[in-house]
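# Breakdown of the fold
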Amino acid sequence: MTSFAEIVLAPKEGSAFEMRAGQVIGITAQSGVSLVAFNARDLNERFDQARTKVYNMKLWLDLGDKLFSKLNNPMMTVVEDGFKPYGRHDLQLGHCAGDSADSAAVLRSLTQALAHWNIPAHSIPMPLNAFQSCEIDVVSGAITPVPVPLSSPVTLVLKAEMDLVVAVAECPAASAGNAAPVRIAVVES
Amino acid sequence: MRIIKQELAARNSGWSSQIARGQVLRLSARTIIDFVAFASNDYRNCFDQALTKEANRCIYLKRGHSMISRSGQRMLTVVDDGFEGLGTHDMQFGMCSRARHERSAAEGRLAEYLHADLKVPSHGCAENLTAACKPWGIPYVDIPSPVNLFQNMLIDQATGVMRRTQIRPEAPVDIDLVAEENLLVAFSACPDKASRTGGLEVRATILQP
Ligand SMILES: [Zn+2]
């Protein structure tokens, strides 16, 4: 696999880039990362938390599960998940998984990163909050974000199922202590 | 309370209306309702599932909870809930649609709707809400994922796997929501394929306290 793009994100920093169908993205982090995606050929087609959960009929993502768009098309597939022993990537809450102190900053970072594609803040969907876990009591419905202290960075690998514009932002709130920078690598599979 | 407006939305159809701050929206049904709201002064500021779950710290919408907009404002608050004790209102799912039903059929997954024998409807909540929002200039892509009233899901605590259930009110019950702002509200009377009825009509009443 040859990497053609490597991005390092400082705390609360965001970045956006294009991926072609079949390429894979490796996100290596010790803190939370909010990720959103758009169909590169129709930017009105956005990642959708609800459609993703309906398609998988599950609250969260396992290996092989797909991220879906509002228009019911697969956008990405989970091909590797180093976070699995520690928690579940959040698909419930807002940017930066419910820490309102940081969600505004993270949304700003995503908006800045997506300005190149003229995508305004209100068109940025609620994200996949990678490496951010929530405890959910399915009876009472109570939901509590649970920061996962990772002693070293772990990697989530997603394969693009369509040509995409992807935006990511680092969420310091979700980490415990000093987190390593987030490293993003986009590679041909 | 004085009745401002009372309308019946037929099975598998959409409905929308403006509602003033302080007024109460009463939805009466024994079927799934996909319900959304938009701030009257800026339709881009619409209901948001994620921020609602975040604010209420609950994945279900319950009495006393508020529906929250994208900009973090309270839109509507549940003041009465006839479904309480029977089931929960869902905030995981989106809207059913022709596209979704076709994908399910192609993948052999229609049984997940529990009544695969029911004819696949020609349209669903996505199409109903799109039609209901069209007069206000809001396209499908900008209609948020709804709160799915009376959609009781069974969720496995360990795996997170969700299953539809047939838990519905036996006779129509009311859910009352007070508007915290001037709003455009819209819903679809779902062609509920998980229920033997295949969806039923919904009565919408706007009340002035
Ligand atoms: Zn429906």
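Look a little higher up for the structure.
Attention in this report is confined to the structure presented alongside it. Bear in mind that the values here come from a model prediction, so they are computed numbers and not experimental data.

To continue, consider the overall build of chain A. If you tally the helices and strands in chain A, you get two helices and 13 strands. Against the compact-globule benchmark of 16 Å for 189 residues, chain A has a radius of gyration of 15 Å, which places it among compact chains. With the C-alpha coordinates aligned to their principal axes, the bounding extent of chain A is approximately 40 × 35 × 30 Å. Taken across its 189 residues, chain A has 60% of its residues classed as buried. By sequence separation, contacts in chain A at least 24 residues apart represent 78% of the contacts at least 6 residues apart. Looking at chain A as shown, the accessible area adds up to about 7,000 Å², and 51% of this sits on carbon and sulfur atoms. Between the mean site of the 14 positive side-chain charges and the mean site of the 19 negative ones, chain A shows a separation of 4 Å.

Right, let's get into unusual backbone geometry. Residues and elements named next belong to chain A. We note that lysine 12 has phi near 65 degrees; this positive angle belongs to a residue other than glycine. Position of lysine 12 relative to the elements: it lies in the loop between strand E1 (3-9) and strand E2 (14-19). The exposure class assigned to lysine 12 is partly exposed, which follows from its relative accessible area of 36%. The phi dihedral of methionine 57 falls on the positive side, at around 50 degrees, and the residue is not glycine. Position of methionine 57 relative to the elements: it lies in the loop between helix H1 (49-56) and strand E6 (66-68). With relative accessibility at 7%, the residue methionine 57 sits in the buried group.

Before going further, it helps to spend a moment on the coordination of the zinc ion. When four donors bind a metal tetrahedrally, each ideal donor-metal-donor angle is 109.5 degrees, and when six bind octahedrally, the ideal angles are 90 or 180 degrees. The protein atoms that coordinate the zinc ion are B:Cys96 (SG), B:Cys125 (SG) and B:Cys190 (SG), at distances spanning 2.2 to 2.3 Å. For B:Cys190, a relative accessible area of 8% gives the class buried.

Listing the buried residues of helix H2 (residues 98-106) of chain B in full gives B:Arg100, B:His101 and B:Ser104. Mapping the buried residues of H2(B) onto a view down its axis gives an arc of 95 degrees, with all of them on the same face. On the buried face of H2(B), the contacting elements are H1 of chain A together with strand E10 (162-164) of chain B. Where H2(B) ends, the next residue or the one after it, B:Gly108, has phi of about 65 degrees, a positive value.

Residues and elements named next belong to chain B. The buried count for strand E13 (residues 202-208) comes to five of seven residues, which makes it a mostly enclosed element. Examined bridge by bridge, strand E1 (residues 2-9) and E13 share seven bridges and lie antiparallel to one another. Note on E13: the bridge partner recorded for leucine 8 is arginine 203.

With 41 residues of chain B at the contact, the number on the chain A side is 41 residues. Summed over both sides, the interface between chain B and chain A buries roughly 3,300 Å², with carbon and sulfur atoms accounting for 51% of that surface. Between the two partners, chain B and chain A, sit one salt bridge. Here A:Arg46 ties to B:Asp142 by a salt bridge, and the two come within 3.1 Å at their closest N and O atoms. In this assembly, chain B and chain A are joined by 24 residue pairs in polar contact (both at pLDDT 80 or more). Of all the elements, helix H1 (residues 49-56) of chain B adds the most residues to the side of chain B that touches chain A, at five residues.

Attention now goes to the packing of aromatic side chains. In total, this model carries six aromatic pairs over all chains according to the counting rule given. With a centroid separation of 5.7 Å and an interplanar angle of 85 degrees, the aromatic rings of A:Phe83 and A:Phe131 are classed as edge-to-face. Pair noted here: A:Phe83 is in the loop between strand E7 (74-81) and helix H2 (100-114) and A:Phe131 is in the loop between strand E8 (128-130) and strand E9 (133-136), with a separation of 48 residues, a long-range link. With 6.2 Å between their ring centres and 75 degrees between their planes, B:Phe38 and B:Tyr43 make a pair best called edge-to-face. A relative accessible area of 0% means that B:Phe38 is categorised as buried. Accessibility expressed as a relative area gives 24% for B:Tyr43, which makes it partly exposed. Members of the aromatic cluster, each reached through a chain of ring pairs, are A:Phe83, A:Tyr86 and A:Phe131. Directly above the ring of B:Tyr140 sits A:Lys70, whose terminal nitrogen or CZ lies 5.3 Å from the centroid. The ring of A:Tyr55 is capped by B:Arg109, whose NZ or CZ atom sits 4.8 Å from the centre of that ring.

Residues and elements named next belong to chain B. Reading across from one edge, E1-E13-E3-E11-E7-E6 is the order of the six strands in this open sheet, with antiparallel pairing throughout. The two strands at the open ends of the sheet, each matched to only one other strand, are E1 and strand E6 (66-68). Along the sheet, successive strands turn relative to each other by an average axial angle of 25 degrees, direction set aside. Sheet topology note: the E6/strand E7 (residues 74-81) ladder contains three bridges and is antiparallel. In the strand pairing of E7, serine 66 is matched with threonine 77.

What counts and how
Just so you know, the residues in each chain are numbered from 1, in the order the chain's sequence is written. Lettering for chains starts from A, numbering for ligands starts from 1, and both go in the order in which the items are written. Only residues with pLDDT of 70 or above have their local features reported here, since the model is predicted, and side-chain atom pairs are shown and tallied only from 80 upward, although totals for entire chains, interfaces and linings are computed over all residues. Excluding hydrogens and water, the side-chain figures rest on all heavy atoms present in the structure. Runs of E in the DSSP output that reach at least two residues are strands. Runs of H or I that reach at least four are helices, and both are numbered from the N terminus. Each radius of gyration reported is based on C-alpha atoms, and the globular scaling rule is 2.2 Å times the count of residues to the power 0.38. The rule is simple: take the accessible area with a 1.4 Å probe, protein chains only, and divide by the maximum for that residue type; under 20% is buried, over 50% is exposed, in between is partly exposed. It only takes one pair of heavy atoms within 4.5 Å for two residues to be counted as in contact. A 1.4 Å probe and the Shrake-Rupley method give the accessible areas. Residues count as covered only by the protein chains that appear here. In this tally Asp and Glu are treated as negative and Lys and Arg as positive; neither His nor the chain ends contributes. In plain terms, the charge of a residue is placed at NZ if it is Lys, CZ if Arg, CG if Asp and CD if Glu. Each metal site is built from N, O and S donor atoms within 2.8 Å (3.2 Å for Na, K and Ca), and since water is not included, such sites may look incomplete. Comment: arc refers to directions from the helix axis out to C-beta atoms. The criterion for strand pairing is that DSSP finds at least two bridges linking the strands in question. Values labelled buried area give the accessible surface lost by two parts on being combined, using a 1.4 Å probe and summing over both. Whenever Lys or Arg places a side-chain nitrogen within 4 Å of a carboxyl oxygen from Asp or Glu, that contact is recorded as a salt bridge. Any pair of nitrogen or oxygen atoms within 3.5 Å is treated as a polar contact; in protein, a donor-acceptor pairing is required on top of that, and neighbouring residues in sequence qualify only through side-chain atoms on both sides. Under the pairing criterion, centres of Phe, Tyr and Trp rings, with the six-membered ring standing for Trp, must be within 6.5 Å; the plane angle then separates stacked pairs below 30 degrees from edge-to-face pairs above 60, leaving the rest tilted. We count a charge as sitting over a ring when the NZ of a lysine or the CZ of an arginine lies within 6 Å of the ring centre and within 35 degrees of the ring normal. Interaxial angles span 0 to 180 degrees and are taken between N-to-C directions of axes, which are lines fitted to C-alpha atoms, for helices over the stretch in contact.

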